[in-house]
Amino acid sequence: MIGLICATAAGAAARDRLAAAWPDRTRVYDGPVGDAVRRAFGECEQLVCFLATGAVVRLVAPLLSDKASDPGVVCVDEAGRFAVSLVGGHGGGANELAFAVGELLGAEPVVTTATDAVGVPGLDTLGLPVEGDVAGVTRALLDGGPVALDAEVAWPLPALPFTAGERTPGMPVVRLTDRAVAPGDGEVLLRPPSLVVGVGASRGVPADEVLGLVEGALRDAGLSPRSLAALATVDAKRDEPGIVEAAARLAVPVVTYPAEELAKVEVPNPSDAPLAAVGTPSVAEASALARGGELLVPKRKSARADGHASMATCAVVRRPARGRLAVVGLGPGARDLLTPRATAELRRAAVLVGLDQYVDQIRDLLRPGTRILESGLGAEEERARTAVEEARRGQAVALIGSGDAGVYAMASPALAEASDDIDVVGVPGVTAALAAGAILGAPLGHDHVSISLSDLHTPWEVIERRVRAAAEADLVVTFYNPRSRGRDWQLPKALSILAGHREPATPVGVVRNASRPDGTSRLTTLAELDPAWVDMMTVVTVGNTATRDIAGRMVTPRGYRWQEAAPERPR
C-alpha cells in the first residue's frame with residue numbers, strides 16, 4: 001500500500017490524482033502532517049509526500065531503522081514539477097515509484113542512487129537474494145575498478161561491468177551460488193532460485209515433518225535454502241495440507257505433475273509403494289527431476305522422534321539454468337512511441353541482437369557492458385538463431401525488431417528456432433500500420449488487413465490471392481514492403497486488383513517513416529496514387545468502399561449504415 005500525505009490545497013489536488021489513478025494501491029492519510037507520516041510509515045510499503053524535502057527529512061528521520069525494511073519515500077513539490085526518490089530507492093522501491101508518479105503527474109523523476117545515475121544495475125535490484133558487502137562491491141563497480149564474477153551456477157543476469165580473466169587476490173567478487181557458504185571480505189553472494197525439492201508424503205503428514213525433512217536435506221548437502229525455487233510433488237498431493245503449509249513457511253510455490261508424467265521419469269530409487277498409492281514408482285525424485293537437472297540429494301525419508309513410521313520423502317535437484325529471450329518491438333522509430341516495457345527489457349539484457357540500424361536507435365538505452373551482436377539487412381534467420389543460442393547458454397537476451405516484433409519482424413523466426421528449454425517473453429510495439437493510421441486519421445476504424453508485397457519469402461501467387469480476397473471482402477488494406485528498386489511492379493499490380501472492386505476516388509494514404517522527424521504523408525486516391533512516391537520505408541493504406549476523405553483526414557466508419565442515415569453520436 002502507498003500512503004499519501006499532503007499539507008496544502010495544491011498538494012491535495014495532486015494527491016487526489018494519484019488516489020484516483022491507483023485506487024487499490026493508495027491510502028490517503030489526513031490530519032496533522034507529523035501524525036500522518038508516522039502512521040503511514042508504520043502501515044505502508046511506500047509513501048508519497050506532497051511536502052518540501054526538508055520537512056519530509058525531519059519527519060521520517062526518527063522513524064528510519066534499516067534500508068532493507070524501511071518503506072520507500074517519494075517527495076513531490078507543491079508545484080508538481082519533481083518527484084524525488086528520497087528514501088529506500090532500491091529496497092523500498094522508491095526509484096521506480098518516482099518514475100511512476102512522475103509519469104502520472106507530469107513531474108520530472110529525480111533519482112540520485114549512484115547505480116541508477118550511471119546505468120549500472122544495483123546488486124540488490126536483480127531479483128535475487130543478496131548477502132555480503134553489497135555497498136563495497138557496488139562502489140568498486142561504480143568506480144570502474146576490477147570486480148570478478150564467480151558463477152558457480154549459470155543464471156541470466158543483466159549487463160554488469162565484471163572483469164574478465166582470473167581473479168586476483170583482494171579483488172572484489174560477485175559469487176553466484178546456491179551453496180550454504182558465508183560471504184568473505186569484499187564478496188557478495190547472489191542466490192539464484194536453482195534448487196527444486198521433490199516431496200512425497202502420506203496422507204495427513206504434519207507440516208513440521210515435511211519442513212524438517214526439506215531443511216535437513218538442504219543443510220546436510222551444504223545448500224542454501226535461499227536458493228530454493230519450489231516444492232514439487234504429484235498432482236494427487238496438490239492440496240495435501242502438510243506440503244502446502246511447509247511450502248508457505250518456506251515462501252515457495254508447490255508445483256505438481258500428473259502421475260503418468262512422473263512415471264516416465266528415470267530415477268535411481270523407484271519403489272512399489274508410491275506406484276500402488278498414486279500411480280508412479282517415484283514421487284520425490286521424479287517430481288524434482290521432471291524438468292531436468294542434476295540430482296544432488298537422492299530420495300531420503302523423514303525421521304520421527306516419536307518412533308512412528310516416516311510419512312515423507314524428499315529429493316533435491318539443481319535445475320538447469322534457463323536463459324531468457326525477450327523479443328522486443330521498438331515501435332515505428334519515435335522514442336516516445338517506445339513502450340516502457342520495451343525500455344525495461346533493453347536494460348535487463350546482457351546480450352542484444354538486432355539489425356544494425358535498429359541497434360543505433362536504442363544504443364543509448366543499453367546498460368554499460370551489454371554485448372551487442374548486430375548484422376545487416378537480410379540476416380533475419382541468422383539473428384534469430386544467434387539470439388536463441390545465446391539464451392540457451394543461460395544469457396538474458398533481447399532480440400529487437402521494428403514496430404511490433406510479431407508483425408513481419410523477428411518473433412516468428414526466433415520462436416521457430418526456440419524450444420521449451422528457454423524462457424521467451426514477447427514485448428509488443430506500435431506497428432507501422434498503427435503509426436501511419438494515426439497520422440492519416442482513422443483509416444482502420446473497421447475491419448482491416450495487412451499484406452506484405454515482398455515476394456522474397458512468399459510466392460507472388462500467394463500474395464496475389466490474398467490481395468484478391470481482401471478486395472472481395474471489402475477490407476481496408478495496409479501494404480507493407482510495397483516497393484523497392486528491384487521490386488517495382490508488385491504495388492501497381494496489387495492496386496489494379498483493388499481497383500476492380502473499388503471506386504477510383506477511394507482514399508489512399510501514403511506514409512513514409514511514420515513518427516520520425518523526416519516522416520512524410522499524403523492523402524490521395526486510388527486513381528491518382530503514383531507508385532514512384534513509394535519505397536520500402538513507406539506503408540500504403542487503401543480504404544474500403546466506406547472510407548472517406550473528411551476534412552483532409554482518412555476515415556473508415558465503424559459501420560456502413562451511416563451512408564443511409566445520420567451517424568450516431570460519438571461514444
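Remember, predicted model here, so these are calculated numbers, not experimental data. (Residues numbered from 1 in each chain as written. Predicted model: local features only at pLDDT ≥ 70, side-chain atom pairs only at ≥ 80, totals over all residues. Heavy atoms only, no water.)

1. Remarks on the sheet that holds strand E23 (residues 476-480)
Rules: Between any two strands, pairing holds if DSSP finds at least two bridges. Strands are runs of DSSP state E lasting at least two residues, helices are runs of H or I lasting at least four, and both sets are numbered from the N terminus onward. Each axis is a line fitted through C-alpha atoms, taken for helices only over the stretch in contact, and angles between the N-to-C directions span 0 to 180 degrees. In this description, contact between two residues means that some pair of their heavy atoms is separated by no more than 4.5 Å.
In spatial order, the strands read E22-E23-E26-E24-E25; together these 5 strands make up an open sheet with mixed pairing. Each edge of the open sheet carries a strand with a single partner, namely strand E22 (448-452) and strand E25 (520-525). Going from strand to strand, the sheet's axes swing by 15° on average, the running direction of each strand aside. Bridging between strand E24 (residues 507-512) and E25 involves 6 bridges; their strand directions are antiparallel. Bridge pairing in E25 links Val-511 to Ser-521. Against the sheet, helix H16 (residues 432-440) engages E22, E23, E24, E25 and strand E26 (538-542), with an angle of about 115° to E24. Along the sheet face, helix H17 (residues 460-472) touches E22 and E23 and points at about 160° away from the line of E22.

2. Side note on the pattern of salt bridges
When their charged atoms lie close together, side chains carrying opposite charge are able to pair. The line we're drawing: Any Lys or Arg side-chain nitrogen found within 4 Å of a carboxyl oxygen on Asp or Glu counts as a salt bridge. Buried residues are those whose accessible area, probed at 1.4 Å on protein chains only, stays under 20% of the maximum for their type, while exposed residues exceed 50% and partly exposed ones sit between those limits.
The final tally for this structure, using the stated rule, is 28 salt bridges. The partner of Asp-77 in a salt bridge is Arg-81, and the shortest N-O contact between them spans 3.5 Å. For Arg-81, a relative accessible area of 53% corresponds to the exposed category. Note that Glu-294 and Arg-318 form a salt bridge whose closest N and O atoms lie 3.4 Å from each other. One end of the pair, Glu-294, is in strand E14 (residues 294-301); the other, Arg-318, is in strand E15 (residues 312-318), and 24 residues separate them in sequence.

3. Structural notes on the sheet that holds E15
In space, the 5 strands of this open sheet follow the order E13-E12-E11-E15-E14, with mixed pairing throughout. The open sheet terminates on both sides in strands that have one partner only, identified here as strand E13 (254-257) and E14. Each adjacent strand pair in this sheet contributes to an overall mean axis angle of 25°, direction not counted. Against the sheet, helix H7 (residues 207-220) engages strand E11 (195-201), strand E12 (228-234), E14 and E15, with an angle of about 40° to E15. Relative to the sheet, helix H8 (residues 241-250) contacts E11, E12 and E13, its axis offset from that of E12 by approximately 175°.

4. Some thoughts on the nonpolar core
Basically, it comes down to this: Put simply, a nonpolar core is a bunch of buried Ala, Val, Leu, Ile, Met, Phe, Trp, Tyr and Cys residues held in one set by side-chain atoms that sit within 4.5 Å of each other.
Judged by nonpolar contacts, the single largest core of 24 residues is most densely connected at Val-197, Val-214 and Leu-231. When contributions to this core are tallied by element, the ones reaching two or more residues are E11, H7, E12, H8 and E15. For this core, the leading source of residues is H7, giving 6 residues. In this view, Leu-231 contacts Val-197, Val-199, Val-214, Ile-243, Ala-246, Ala-247, Leu-250, Val-252, Pro-253, Val-254 and Val-255; residues no more than four positions away in its chain are not counted.

5. Topic: the packing of aromatic side chains
The description of two aromatic rings rests on the distance between their centres and on the angle between their planes. Put simply, the rule is: Working definition: a ring pair exists when centres of Phe, Tyr or Trp rings (six-membered ring for Trp) sit within 6.5 Å. Plane angles under 30 degrees give stacked, over 60 give edge-to-face, the rest tilted.
By the definition in use, this model includes 2 aromatic pairs. Taking 4.8 Å as the distance between ring centres and 50° as the angle between the ring planes, the aromatic pair formed by Tyr-408 and Tyr-480 counts as tilted. Placement of Tyr-408 in the loop between strand E19 (396-401) and helix H15 (411-417) and of Tyr-480 in strand E23 is noted, with a sequence separation of 72 residues between them. For Tyr-408, a relative accessible area of 44% translates into the label partly exposed. Using a relative accessible area of 10% as the deciding quantity, one classes Tyr-480 as buried. A centroid spacing of 5.0 Å and a plane angle of 70° characterise the contact between Trp-460 and Trp-489, whose relative ring orientation is edge-to-face.

6. Overview of the side chain of Thr-525
Secondary-structure assignment places Thr-525 in strand E25. Once residues lying within four places of it in the same chain are set aside, the contact partners of Thr-525 are Pro-504, Ala-505, Thr-506, Pro-507 and Val-508.

7. Some remarks on the environment of Glu-43
The residue Glu-43 is located in helix H2 (residues 33-43) in this model. Residue Glu-43 is classed as partly exposed on the basis of its relative accessible area, which comes to 45%. When the C-alpha positions of Glu-43 and Ile-2 are compared, they lie 9.1 Å apart, and in sequence the two are 41 residues distant. Not counting the four nearest positions on each side in its chain, Glu-43 is found in contact with Arg-27 and Tyr-29.

8. Brief notes about the confidence of the model for the protein chain
Basically, it comes down to this: What pLDDT reports is the predictor's confidence in each residue, on a scale of 0 through 100.
When the pLDDT values of the protein chain are averaged, the result is 89; 95% of them are 70 or greater. In this model, residues 566-571 is a region of pLDDT below 50 whose contacts with residues beyond four sequence positions or in other chains number 2 contacts.

9. Thoughts on unusual backbone geometry
At Asn-481, a residue that is not glycine, the phi angle is positive and equals roughly 45°. Examined against the element boundaries, Asn-481 turns out to sit in the loop between E23 and helix H18 (490-499).

10. Quick look at the environment of Leu-434
Turning to its location among the elements, Leu-434 is positioned in helix H16. For Leu-434, a relative accessible area of 48% puts it in the partly exposed group. C-alpha separation for the pair Leu-434 and Gly-331, spaced 103 residues apart in sequence, amounts to 9.7 Å.

11. Overview of helix H4 (residues 94-105)
Note that an α-helix has 3.6 residues per turn; residues three or four places apart therefore point the same way. Defined as follows: One less than the number of residues in a helix, times 1.5 Å, gives the span that helix is expected to have. Working definition: the arc comes from the directions between the helix axis and the C-beta atoms, pointing outward to the latter.
Look at H4: 16 Å from first C-alpha to last across 12 residues, which is about the 16 Å you get at 1.5 Å a residue. All buried positions along H4 are accounted for by Ala-94, Asn-95, Leu-97, Ala-98, Val-101, Gly-102 and Leu-105. Along H4, the residues classed as buried sweep out an arc of 160° about the axis, all on the same side. In H4, the exposed positions that point more than 90 degrees away from the buried face belong to Glu-96 and Glu-103. The first or second residue beyond H4 is Gly-106, which carries a positive phi of 75°.

12. Quick notes on the side chain of Thr-370
The cut-off we apply is this: Two N or O atoms form a polar contact when they lie within 3.5 Å of each other; inside protein one atom must be a possible hydrogen donor and the other a possible acceptor, and for residues adjacent in sequence the pair counts only when both atoms belong to side chains.
For Thr-370, the location among the structural elements is in the loop between helix H13 (356-362) and strand E18 (371-375). A relative accessible area of 12% places Thr-370 in the buried class. Among the polar contacts listed, one links the side chain of Thr-370 to the backbone oxygen of Arg-367, at a separation of 2.7 Å. The residues contacting Thr-370, other than those within four sequence positions of it, are Ala-159, Ala-349, Ala-350, Val-351 and Leu-352.

13. Quick look at H17
Across its 13 residues, H17 extends 18 Å between first and last C-alpha, which sits within 8% of the 18 Å expected from 1.5 Å per residue. Among the residues of H17, Trp-460, Val-462, Ile-463, Glu-464, Val-467, Ala-470 and Ala-471 are the ones counted as buried. In the core, the buried residues of H17 are packed alongside E22, E23 and H18.

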